[in-house]
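Working through the structure, step by step
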Amino acid sequence: MNGPGVRTFLFILLLLAGPLAADPGPDDWSADLGWGPVLVPGNWTPLRLSVPATARDWSVDAVITIGGQDRTLATYSHSGGGSWEHPVFLPEGAPSLTLRFREPQAVREIRLPVAERGFPGHLVVVSGLDAEACRAIEGVLLPSEPVRTSEFPPSLWPSSPLCWQAVAAVAVTDPGPVLSPVQAQAVEAWLASGGRLVVVDPRPGSGTLVSQLGGMPVVTAHRPPPGFWKGALGLAAYGTVPRLGSAGDPPFAPPASPSRPDGPVAVGLVTVWGLLGAALALRKKRSLGPGLALALGGTLAVAGVALAGGLTWDRGVVTHTREVSLPGGRGRFVSVESSQPEGSHGASLWPETSPWALGRVLEGQTDPRFLSRETSARRIVRDAYLPPLERTSVFRVAWSGQALVWNPEPSPGLAEEAPWIARVAAARPGARWVVGVEGTTCWLRPEETGGLP
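Scope of this entry: the structure provided in the associated data block. Keep in mind the model is a prediction, meaning the values are calculated, not measured. (Residues numbered from 1 in each chain as written. Predicted model: local features only at pLDDT ≥ 70, side-chain atom pairs only at ≥ 80, totals over all residues. Heavy atoms only, no water.)

A few points about the overall build of the protein chain
For clarity, the cut-off: Numbering of helices and strands starts at the N terminus; helices are DSSP runs of H or I of at least 4 residues and strands are runs of E of at least 2. Whether a residue is buried, partly exposed or exposed follows from its accessible area with a 1.4 Å probe, protein chains only, as a fraction of its type maximum: under 20%, in between, or over 50%, in that order. Between two residues, a contact is recorded if the distance between any of their heavy atoms is within 4.5 Å. Calculation of accessible area relied on Shrake-Rupley with a 1.4 Å probe; when residues are assessed, cover is drawn exclusively from the protein chains displayed.
If you tally the helices and strands in the protein chain, you get nine helices and 20 strands. A buried classification covers 42% of the 453 residues belonging to the protein chain. Within the protein chain, contacts between residues at least 6 apart in sequence are counted, and of these 65% link residues at least 24 apart. As presented, the protein chain carries roughly 23200 Å² of accessible surface, and 60% of it is formed by carbon and sulfur atoms.

Following this line, the structure appears as structure tokens:
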């Protein structure tokens, strides 16, 4: 081949190879949020990411803007391309979610609308149902309020129990055993926390979706008759029936006077030490002996006061944990709340909190299983779904329909948590709960036998 021919051939190769060698464009990085077109604000929801196979070390920040201020909801890091799923909490009032993908040499942004997709009501995930069944589901609470359905195949169901918080019920035509083990575990946790699954036209034998769910209660029906869905879904007015989970509603009310250094003890110690030092300084005969004795005595005094708790201080931040264990040993939902209480700290004029205290609390919560639900100047809330933990207590409680019934009478620590315990217990009227307080943790576990105490 002559010279001009070679140059022409190489030029064509460069034109063809150019697009292949170029950096991936923004369209190669994609993301999806929620359950189809519907988002339920104030809940955890699944975030799905698709990243080119050529990607190496990268991270993504999930950011919302409320009141003109950016707030990072979560940051996830990965070392390769592929598809990824993570839970993300969508606070009420968020207009959109911005995803900032960071690579060593590039930053990309994807904006996902939130406000126009928001539906503050019951979301029922469906798959394989006909239009008539979907209309019947959406009308089970009419005329008081609508219900929304969203088509979402079981193959895409999330594998994190937190992602299921926004779903009130699921209705599917039996797809067979299509769930992965982690997907099935997430569905089991959701069912144990009060979710409702309806399987239409279940397959014969063991090749069913129900066979993957470890014996959890599931509603099944062949050719559902008219009026079937209202009773099968068991929905009540949105927000009136609390779901078990990690929301921790209502918020914990921190005490008016949190732990702080004992003002009179600390001031008295410093005053006495200062007077002794001044007396030694005015002595005409000066030697090292009295000074060393003063230093040793002062050190022992400080150590004694500290061991007695007089100098214990949490820097004005109160940390409190709530746990709800799921029946059958299917794990527990945990919510950790750190907050700065309102008001002053008495005549000693200690500041309300150190300006860096909440930041230090957040830095200390390094367990990757805990995800931030709320981070503000005065409050930090982190949620997690964790393995079960054995706890024992003599206290039992149940919801009678109007009030909590205790056996025996609650301790002061449990009495302070009565509003939260009432909301959780009301989710299962008649069931009996074991309840206890360990340190700053209040926990609940349903008894398998149920019944009033």
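As for helix α2 (residues 131-138)
Keep this limit in mind: Working note: the arc is built from the helix axis to C-beta atom directions.
Three or more residues of α2 are buried, namely Ala133, Cys134 and Ile137. Here the buried residues of α2 occupy an arc of 100° about the axis, which is enough to place them on one side. Facing away from the buried side of α2, by more than 90 degrees, are the exposed residues Glu132 and Arg135. Where α2 is buried, its residues meet β8 (123-127), β9 (148-151), β10 (169-173) and α4 (228-233).

Looking at the nonpolar core
Note the cut-off: Among buried residues, the Ala, Val, Leu, Ile, Met, Phe, Trp, Tyr and Cys ones that are joined through side-chain atoms within 4.5 Å form a nonpolar core.
Residues Leu33, Leu97, Leu99, Trp157, Trp164, Val170 and Leu197 are the most contacted members of the largest nonpolar core, which totals 56 residues. It is helix α3 (residues 181-192) that contributes the most residues to this core, seven residues altogether. When residues no more than four places from it in sequence are discounted, the contact partners of leucine 99 are Ala31, Leu47, Leu49, Val60, Asp61, Ala62, Arg108, Glu109, Ile110 and Leu112. By size, the runner-up hydrophobic cluster in this structure holds 20 residues, among which are Val124, Leu141, Ala171 and Trp229.

Details of the sheet that holds strand β2 (residues 43-51)
To be explicit about the condition: Strand pairing is assigned whenever DSSP detects at least two bridges linking the two strands. Inter-axis angles, ranging from 0 to 180 degrees, are taken between N-to-C directions of lines fitted to C-alpha atoms, where helices are fitted over the stretch in contact.
As summarised here, the arrangement of the three strands in space is β1-β2-β5, forming an open sheet in which the pairing is antiparallel. The open sheet terminates on both sides in strands that have one partner only, identified here as β1 (30-33) and β5 (82-90). Taken over all neighbouring pairs, the strand axes of this sheet differ in orientation by 20° on average, direction set aside. Two strands pair when backbone bridges link them, and β1 and β2 are joined in this way by four bridges, in the antiparallel orientation. Residue pairing for β2: leucine 33 is matched across the bridge by leucine 47.

Some details on the sheet that holds strand β13 (residues 318-325)
Strand order across the open sheet formed by eight strands is β15-β16-β14-β13-β20-β19-β17-β18, with mixed pairing between neighbours. A strand with exactly one partner marks an edge of an open sheet, and here the two such strands are β15 (371-375) and β18 (404-407). Each strand axis lies, on average, 20° off the axis of its neighbour in the sheet, ignoring direction. Two elements, β13 and strand β20 (residues 441-446), share four bridges in a ladder whose sense is parallel. If you follow arginine 322 over to β20, its bridge partner there is cysteine 442.

Observations concerning the pattern of salt bridges
Selection rule: Any carboxyl oxygen of Asp or Glu within 4 Å of a side-chain nitrogen of Lys or Arg constitutes a salt bridge here.
For the coordinates displayed, the defined rule picks out 16 salt bridges. Of the charged contacts in the structure, one is a salt bridge between arginine 391 and glutamate 323, with a shortest N-O distance of 3.0 Å. With a gap of 68 residues between them, arginine 391 in the loop between β16 (379-386) and β17 (395-399) and glutamate 323 in strand β13 connect regions that are remote in the sequence. A relative accessible area of 11% means that arginine 391 is categorised as buried. Classification of glutamate 323 as buried rests on a relative accessible area of 5%. Arginine 379 serves as the salt-bridge partner of glutamate 337, at 3.0 Å between the closest nitrogen and oxygen. With glutamate 337 in strand β14 (residues 332-339) and arginine 379 in strand β16, this pair connects stretches of sequence that are 42 residues apart. For glutamate 337, a relative accessible area of 7% corresponds to the buried category. On the basis of relative accessible area, arginine 379 is assigned to the buried category, the value being 16%.

Observations regarding the pairing of β8
Where we set the bar: Think of it like this: strands point away, you trace from the first strand over the helix to the second, and a clockwise trace means the crossover is right-handed.
Buried residues dominate β8, accounting for five of its five residues. With burial as the criterion, each face of β8 is covered, one bearing Leu123, Val125 and Ser127 and the other bearing Val124 and Val126. Note: β8 against β9, four bridges, orientation parallel. Note that in β9 the partner of valine 124 across the bridge is threonine 149. A crossover links β8 with its parallel partner β9, the connecting element being α2, and its sense is right-handed.

A word on the packing of aromatic side chains
Our working rule: To pair, rings of Phe, Tyr and Trp, with the six-membered ring standing in for Trp, must have centres within 6.5 Å; the planes then decide the type, stacked if under 30 degrees apart, edge-to-face if over 60, and tilted in the middle.
Under the criterion given, the structure shown has eleven aromatic pairs. Summarising the aromatic geometry, the rings of tryptophan 58 and tryptophan 84 are spaced 6.5 Å apart at their centres and angled 65° between planes, so their arrangement reads as edge-to-face. Note that tryptophan 58 is positioned in strand β3 (residues 58-66) and tryptophan 84 in strand β5, a separation of 26 residues in sequence. When its relative accessible area of 3% is taken as the criterion, tryptophan 58 is described as buried. Between phenylalanine 228 and tryptophan 229 the ring centres are 5.1 Å apart and the planes differ by 75°, which places this aromatic pair in the edge-to-face class. In this pair, the class of phenylalanine 228 matches that of tryptophan 229, namely buried. An aromatic cluster is built from Trp35, Phe152, Trp157, Trp164 and Trp190, whose rings are joined through pairwise contacts.

Considering the environment of aspartate 174
Rules: By the criterion applied in these results, polar contacts are pairs of N or O atoms within 3.5 Å in which, for protein atoms, one can donate a hydrogen and the other can accept it, and in which residues neighboring in sequence qualify only through two side-chain atoms.
Tracing the backbone through its elements, the reader meets aspartate 174 in the loop between β10 and α3. The spacing of aspartate 174 and valine 200 is 26 residues in sequence and 6.0 Å in space, taken between C-alpha atoms. Apart from the residues within four sequence positions on either side, aspartate 174 is in contact with Val199, Val200, Asp201, Pro202, Arg203, Thr208 and Leu209. Engagement of the side chain of aspartate 174 in a polar contact is seen with the backbone nitrogen of leucine 209, the distance being 3.1 Å.

Fair warning: the whole summary comes from geometry, so function is off the table for now.
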